[in-house]
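# Working through the structure, step by step
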Amino acid sequence: MSGILIRGGRVIDPARKIDEPADVYLLEGKVEGVGRNLGTPAGAMVVDASRQVVAPGLIDVHVHLREPGQEDLETVATGAMAAAAGGFSAVCAMPNTDPVCDNQGVVGFVKAQAQRAGKARVYPIGAISLGQKGQQLAEFGELVGAGAVAVSDDGRPVVSSHLMRTALEYARTFGIPVADHCEDPTLAGGAMHEGVVSTRLGLKGIPSAAEEIMVARDLLLAELTGGHIHLCHMSTRGSVDLIRRAKERGVRVTAEACPHHFSLTHEACEGYDTNAKMNPPLREAEDREAIRQGLKDGTIDVIATDHAPHHYDAKEREFDDAPNGIIGLETALGLAITELVTTKVLPLPELVARMSTIPAKIFGLPGGTLAPGAPADVVVFDPAVEWTVRPQEFFSRSRNTPFAGRRLTGRASVTIVRGQVVFQRPD
Amino acid sequence: MTAGTALGKDLTGLEYLSPDQIRLILDTAEPFKEVSERPIKKVPALRGKTIVNLFFEASTRTRISFEFAEKRLSADTVNVGGQGSSVSKGETLVDTAKNLEAMRIDMVVIRHGASGAAQFLGQRIRSNVINAGDGKHEHPTQGLLDLLTLRDKFGRIAGLKVAIVGDVLHSRVARSNIWGLTKLGAEVAVCGPASLLPRNVQELGVTIIPRIEDAIQWADALNVLRLQLERMQGGFIPSLREYNRVFGVTTERLAKAPRDLVILHPGPMNRGVEIDSDVADGPHSVILPQVTNGVAVRMAVLYLLAGGSPDWASAAGKGEDH
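All values reported here derive from a predicted model rather than from experimental measurement.

With that out of the way, let us pick up the overall build of chain A. Counting its regular elements, chain A contains 12 helices and 18 strands. For 427 residues, the compact-globule estimate of 2.2 N^0.38 gives 22 Å, and chain A sits close to it at 20 Å. Overall size of chain A, expressed as C-alpha extent along the three principal axes, is 65 × 45 × 45 Å. Within the span of chain A, comprising 427 residues, buried residues form 63% of the whole. Contacts spanning at least 24 positions in sequence make up 74% of the contacts within chain A whose residues lie at least 6 apart. Total accessible area on chain A is roughly 15,000 Å²; 48% of this is exposed by carbon and sulfur atoms.

Attention now goes to the confidence of the model for chain B. Reading predicted coordinates in detail is not appropriate for stretches of low pLDDT. All names here are of chain B. Averaged over all residues, the pLDDT of chain B is 92; the fraction at 70 or higher stands at 92%. Per-residue pLDDT stays below 50 along residues 317-322; that stretch engages in 18 contacts with residues further than four places along the chain or on separate chains. The complex model carries a pTM of 0.93, and its ipTM stands at 0.91.

Attention now moves to the pairing of strand β3 (residues 107-112) of chain B. Residues and elements named next belong to chain B. Taken across its 6 residues, β3 has 6 buried, putting it largely inside the fold. What you see with β3 is no split at all: M107, V109 and R111 on one side and V108, I110 and H112 on the other are buried throughout. One ladder, built from 5 bridges, connects strand β1 (residues 50-55) with β3; its direction is parallel. Among the inter-strand pairings, I51 is bridged to a residue of β3, identified as M107.

Residues and elements named next belong to chain A. By secondary structure assignment, the location of E211 is in helix α6 (residues 208-225). Here E211 falls in the buried class, since its relative accessible area comes to 2%. Those residues in contact with E211, other than ones at most four positions away along the chain, are C182, H233, M234, S235, T236, S239, P280 and R283.

Attention now goes to the interface of chain A and chain B. Every contact between the two is made by 16 residues of chain A and, on the other side, 22 residues of chain B. Each partner contributes to the roughly 1,700 Å² buried at the junction of chain A and chain B, and carbon and sulfur atoms together form 51% of this total. Sorting the residues of chain A by area buried against chain B places A:T199, A:R200 and A:E318 first, and these three jointly supply 35% of that buried surface. Applying the counting rule to chain A against chain B returns 3 salt bridges. Note that A:E194 is salt-bridged to B:R199, the shortest N-O span being 2.7 Å. Our enumeration of links across chain A and chain B arrives at 9 residue pairs in polar contact (both at pLDDT 80 or more). Counted by class, the side of chain A that touches chain B contains 5 nonpolar, 4 polar and 7 charged residues.

Applying the stated criterion to the full structure yields 36 salt bridges over all chains. The shortest N-O distance in the salt bridge between A:R165 and A:E169 comes to 3.0 Å. Remark: A:E169 and A:R165 occur in helix α4 (residues 161-172); sequence separation between them is 4 residues, near one turn of the helix. Classification of A:R165 by relative accessible area gives partly exposed; the value is 35%. The partner of B:E213 in a salt bridge is B:R211, and the shortest N-O contact between them spans 3.8 Å. When salt bridges with common partners are traced through the structure, they connect B:D27, B:E30, B:K33, B:R151 and B:D152 into a single cluster.

Parameters and conventions
Residues numbered from 1 in each chain as written. Chains lettered and ligands numbered in written order. Predicted model: local features only at pLDDT ≥ 70, side-chain atom pairs only at ≥ 80, totals over all residues. Heavy atoms only, no water. Helix = DSSP H or I, 4+ residues; strand = E, 2+ residues; numbered from the N terminus. Rg over C-alpha atoms; globule rule 2.2 N^0.38 Å. Buried < 20%, exposed > 50% of the residue type's maximum accessible area, 1.4 Å probe, protein only. Contact = heavy atoms within 4.5 Å. Areas by Shrake-Rupley, 256 points an atom, 1.4 Å probe, with all protein chains shown as cover. pLDDT = per-residue confidence, 0-100. Pairing = 2+ DSSP bridges. Buried area = accessible area lost by both parts, 1.4 Å probe. Salt bridge = Lys/Arg side-chain N within 4 Å of Asp/Glu carboxyl O. Polar contact = N/O pair within 3.5 Å; in protein donor to acceptor, adjacent residues only side chain to side chain. Nonpolar A, V, L, I, M, F, W, Y, C, P; charged D, E, K, R; others polar.

As structure tokens, this is what we get:
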């Protein structure tokens, strides 16, 4: 098998604090070397990366691929292709499928579908509780044995504090994070953020406290158990404060933020735009700013998309009745560069860390670095190219995005997984 | 043909109207009041127009008021309810809308339980859409008839102090009143248990008066909202009895007012809960004039949205009987 030479790019490898012009040579599924003027090894395919960034493939620890069960919305194959087009070499698939990913059969099926697709890697996340019903622990040992990299009941909160405590304790056996969707269901149950916009639109609001109550609880339980809590899609300034203080105390907590939460506010719901309906909801400008600051100071560790495909006609209805969620894989990098890098919240190497190196580290995944011997999972992206979001051109099977028509800066050109080019944007 | 009216294509809420547009509707309603006082209550202003009254939620007053307004303007009308229609067979709102459009109707009056339903419909069909109440969002014609009733009573809106009392959180009437009154220069306060006031409501330009006694001291008029009986089960208030004791508009409380208060209520009333019978039936109640004005205001809205010229409104009002 001949290698790939990525020539003339700006190589960013946060794991080794590298940010310099260099060539990257990939051979037999691994990074063979990084250096200047590597020459062209015999038979190597050459990727011209001039004026582009070469970085470890992006890793999204939070996507919904809908398979098995809702293949009309997305499949493992279409989701893995959308991921590759977005610059992601790996994604972690949440278990709220039908059937739920709470046993080795479903874990194995998702992995097999991913292998068949041969695009981005797909790591299944197992359920915390059987059927995500919040009652009986799933068999973490079996899930991990089959290839699950974390557990979560995402889509639903873990209501029982006892169950969450047990999950955190038991997950320590396997060294996996417990990822929680923080929402107090007795306080939530609305259609958007509770604030002046929900008041004007006459929609039932979800107060920030509905998230923060569960964040506070999870932090206390992580402290109690020593387990690793991973807090999904943080959306409020209060959550950022709670996490910051917990980290100062040494609690084993990691947290993610979604591009929509650092890009938009509840005002996107004006006109009852159901593509701005998601859970947790878009919050206020102060919350968006706190999320950005949390990313800047490391309180929030990673950027994850919460890619949530829905059929267009499910969104084409009354706001109250439309499902929550937006797709994010093909806009994440552009939004992150536009909203965080060009605004000087994060330097580009730090962004790569938040979208690749740190996700790999906290979920214990291969990749996230271009060190020799690391998997040949690489993204080549143009950090300066301007483009317009056109959902009809997405590889995802769904189109539900509030960013249609938005001008963004930065987009993946080539995505390489296991030494194979799985995506190359046509010139 | 319809987009260029003085009000735009649709009437979905008073939030989206300018003060001049609101005044135009109220002024246009004046000549239409007289039509309903005639022995033969009909003018030809909307002859040949077809209007669908699409009521997904139960309604007596509003539905009948719209229907009278349409008929007195000589429009052809069809009533569609939630039950017994394709809606009860699971048809989506967008499909219902497209089917109505295909029948080349001119206007849709919609009442729906979901906030935003009228805007949703208006964005998807060419016909004019009039919001007859959408969820907890707006009920613009109710807001307009309240404005007209207050203007009748006081001769002005600017400078009036109006307290909206009760379940503001779930009330589309409250929102339309807040927009309409503040745009025309009234001072607006909301009064009710904090559990029934929406978050950040002050940012809509109103003040909060926590106690009904203080609202009565402050206000020129009280707009008393209906307390939905299910709010007790929802955990928003302890009981209807307690609500009446703490927030009820009673004769005893009104007796302490420094001036005669005008009492409005959008109906239907829960006598003995948010309002006592002797207040509702008392000399300061304008609850029945509100209903009368409802027909005139709706005639004005229909007429203006159909492209009727404000200058012709008097002429249409005085038009030949037949």
